[in-house]
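Inside the fold
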Amino acid sequence: MALTELEQKLKELKELAKADSIDLGDAIESIERKLETEQRNSSAWKKVEMARHPSRPGTQDYVALICDEFMELCGDRAFADDPAIMGGIGRIGDRYLTFIGNRKGKNLKENIRCNHGCANPEGYRKAMRLAQEAERFGRPIVTFIDTMGAYPGLGAEERGIGEAIARNLKEFARLKTPIISFVIGEGGSGGALGIGVGDKIFMLENAWYSVISPEGFASILLRDASKARDASNMMKLTSSDLLSFKVINGIIAEPEGGAHNDPAKVAQAIKAILLTELEKLEKRSLQALVRFRKQKIRAIGHYSEGQA
């Protein structure tokens, strides 16, 4: 039952109980519980829809707004260039950084070319090449995550998509340079993790981050892909959920209606956090940086049961 229908039904029952002095407490309580559940589900699903808004700023938009200069670097030096992941060297003032992020298109043609931001193995190998180059030249790494997951095509499997992501998880964890990650839209599965191992991870307010998409969760566990809206709340994938689980380090507020209503404002917020956190991370020795990063990764998922 839709939210508006539940709200109308609750209103009618309360009016009937008041007018006719009928005890409808159990029915009213039942609908109030359903309404509360629907409101929670709606809130999570609205964030998923916001993260998928066709006008939502992507990696290329934030890089252009944050950097004074940017030079894109292409290719994995083995097979091909994957446009679903973009990367290169950016300058902010007198500081040079390596930027890596998922790229979605701005129209149908670009979306098809970029697989809607779902990368092939060569995309992750390109990301690894750029990250290792950054380490070699002492540049910090900034990653922007915005993908439903890695591309699930036959060619991707044949060329080793699983191996490419696994290698990135291993190598990013021990890179001797600061890494800061931002989940700017969708953060799905290993596709997100392939460039998501960082010293600090931040999420935009209306982004989501999870082991699988709501549709995938609904198909597998609820046996019905149309229940994605219900699944989104069960999955605890919102920025506030991830902050409470200590998976991320902070949430970046968005303008009313979403980041697409004022991309420049959101970019400035990202830039401010980026420069502040880099200043803190660069005070650590490279050995300490890697040690704390590994400790952060290993701590995710730990929990303590309360006393009965």
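Refer to the preceding data block for the structure.
Residues numbered from 1 in each chain as written. Predicted model: local features only at pLDDT ≥ 70, side-chain atom pairs only at ≥ 80, totals over all residues. Heavy atoms only, no water.

1. Comments concerning the packing of helix α5 (residues 121-137) against helix α7 (residues 161-173)
Note the cut-off: Lines fitted to C-alpha atoms define the axes here, with helix axes fitted over just the stretch in contact, and angles between the N-to-C directions of these axes take values from 0 to 180 degrees. A run of DSSP states H or I qualifies as a helix once it reaches four residues; a run of E qualifies as a strand once it reaches two. Both are numbered from the N-terminal end. The labels follow the angle: roughly parallel below 35 degrees, roughly antiparallel above 145, roughly perpendicular from 65 to 115, and oblique for the rest. Handedness of a crossing is defined here by the sense of rotation of the near helix relative to the far one, left-handed for an anticlockwise turn of less than a right angle and right-handed for a clockwise turn. Between two residues, a contact is recorded if the distance between any of their heavy atoms is within 4.5 Å. Throughout this entry, Asp, Glu, Lys and Arg are counted as charged residues, while Ala, Val, Leu, Ile, Met, Phe, Trp, Tyr, Cys and Pro are counted as nonpolar. The remaining residues, Gly among them, count as polar.
Running from N to C, α5 and α7 point in directions that differ by 20°, and their axes come no closer than 8 Å. The pairing of α5 with α7 is recorded here as roughly parallel in orientation. Like other packed secondary-structure pairs, α5 and α7 cross with a definite hand, here left-handed. Across from P121, Y124, R125, A127, M128, A131 and Q132 in α5, the residues of α7 making contact are I161, E163, A164, I165, R167, N168, E171 and F172. Along the lines of polarity and charge, the residues of the contact of α5 with α7 split into 9 nonpolar, 2 polar and 4 charged.

2. Some details on the environment of G123
Filter applied, for reference: Exposed residues in this analysis have more than 50% of their type's maximum accessible area, buried residues have under 20%, and partly exposed residues fall in between, with area computed by a 1.4 Å probe over protein chains only.
As for its position among the elements, G123 is in helix α5. Given a relative accessible area of 0%, G123 falls into the buried group. Residues G123 and D81, 42 residues apart in the sequence, show an inter-C-alpha distance of 6.9 Å. Leaving out residues up to four positions away in the same chain, G123 has contacts with D82 and I85.

3. Some details on the pattern of salt bridges
Selection rule: By definition here, a salt bridge exists when the distance from a side-chain nitrogen of Lys or Arg to a carboxyl oxygen of Asp or Glu is within 4 Å.
This structure, assessed with the given rule, holds 19 salt bridges. Between R95 and E282 there is a salt bridge, and its shortest N-O distance comes to 2.8 Å. With R95 in strand β3 (residues 95-102) and E282 in the loop between α12 (263-281) and α13 (286-299), this pair connects stretches of sequence that are 187 residues apart. Judged by its relative accessible area of 24%, R95 is partly exposed. On the accessibility criterion, E282 (38% relative accessible area) is partly exposed. Across the pair R293 and D199 runs a salt bridge whose closest N-O atoms are separated by 2.8 Å. Of the two residues, R293 sits in helix α13 while D199 sits in the loop between α8 (189-193) and β6 (200-204), which places them 94 residues apart along the sequence. Classification of R293 by relative accessible area gives buried; the value is 1%.

4. Overview of the packing of aromatic side chains
Quick reminder of the rule: Any Phe, Tyr or Trp ring, taking Trp's six-membered ring, that has another such ring centre within 6.5 Å forms a pair; planes under 30 degrees apart are called stacked, those over 60 apart edge-to-face, and the others tilted. Any Lys NZ or Arg CZ found within 6 Å of a ring centre and within 35 degrees of that ring's normal is scored as a charge over the ring.
Applying the stated criterion across every chain, the model contains 4 aromatic pairs. Pairing F99 with F144 gives two aromatic rings, centres 6.3 Å apart and planes at 15°, and the pair type is stacked. Placement of F99 in strand β3 and of F144 in strand β4 (residues 141-147) is noted, with a sequence separation of 45 residues between them. Owing to a relative accessible area of 1%, F99 belongs among the buried residues under this scheme. Through pairs of rings, three or more aromatic residues link up here, namely Y62, F99, F144, F182 and F202. Its end group placed over the ring of F292, R284 keeps NZ or CZ at 4.5 Å from the ring centre. Stacked on the ring of F292, the Lys or Arg R291 has its end atom at 5.5 Å from the ring centre.

5. Some words on the nonpolar core
When a protein is soluble and globular, its nonpolar side chains tend to lie buried together. Rules: In this description, a nonpolar core means a group of buried Ala, Val, Leu, Ile, Met, Phe, Trp, Tyr and Cys residues linked to one another through side-chain atoms lying within 4.5 Å.
If you look at the biggest cluster of nonpolar residues, it comprises 56 residues, and the most contacted ones within it are Y62, F99, I100, F144, F182, I270 and L274. The residues touching F144, leaving out its near neighbours within four places in the chain, are T59, Y62, V63, I66, F99, I100, G101, N102, F182, I184, I195 and I270. W208, A218, A228 and L237 belong to the second largest nonpolar core, which has 10 residues in total.

6. A closer look at the packing of helix α3 (residues 59-66) against α12
For the pair α3 and α12, the least separation of the axes is 9 Å and the interaxial angle reads 70°. Considering the angle they form, α3 stands roughly perpendicular to α12. On α12, the residues that touch Y62, L65 and I66 of α3 are P263, A264, V266, A267, Q268, I270 and K271.

7. Observations regarding the side chain of R56
Note the following rule: We define a polar contact as two N or O atoms separated by no more than 3.5 Å, with the added condition that, inside protein, one atom must be a possible hydrogen donor and the other a possible acceptor, whereas residues neighbouring each other in sequence contribute only through side-chain atom pairs.
With respect to the secondary-structure elements, R56 resides in the loop between α2 (25-51) and α3. Among the polar contacts listed, one links the side chain of R56 to the side chain of E254, at a separation of 2.7 Å. Not counting residues within four places of it along the chain, the set of residues in contact with R56 comprises M50, A51, K106, I184, G185, L204, N206, A207, E254, A259 and H260.

8. Points about α7
This is how it is decided: Helices are assigned an expected span. That span is 1.5 Å times one less than the residue count.
Its 13 residues give α7 an end-to-end C-alpha distance of 19 Å, which sits within 8% of 18 Å, the value for a rise of 1.5 Å per residue. Looking only at α7, the buried set comprises I161, A164, I165, N168, E171, F172 and A173.

9. A few points about the side chain of E171
By secondary structure assignment, the location of E171 is in helix α7. Aside from chain neighbours lying at most four places away, what touches E171 is M128 and Q132.

10. Considerations on the pairing of β4
Selection rule: We treat two strands as partners when DSSP finds at least two bridges between them.
Counting buried residues in β4 gives 7 out of 7 residues, a clear majority hidden from the surface. In this structure, β3 lies alongside β4, joined through 4 bridges in parallel fashion. When the sheet's bridge partners are listed, F99 is paired in β4 with V142.

Nothing here speaks to function; it is all geometry.
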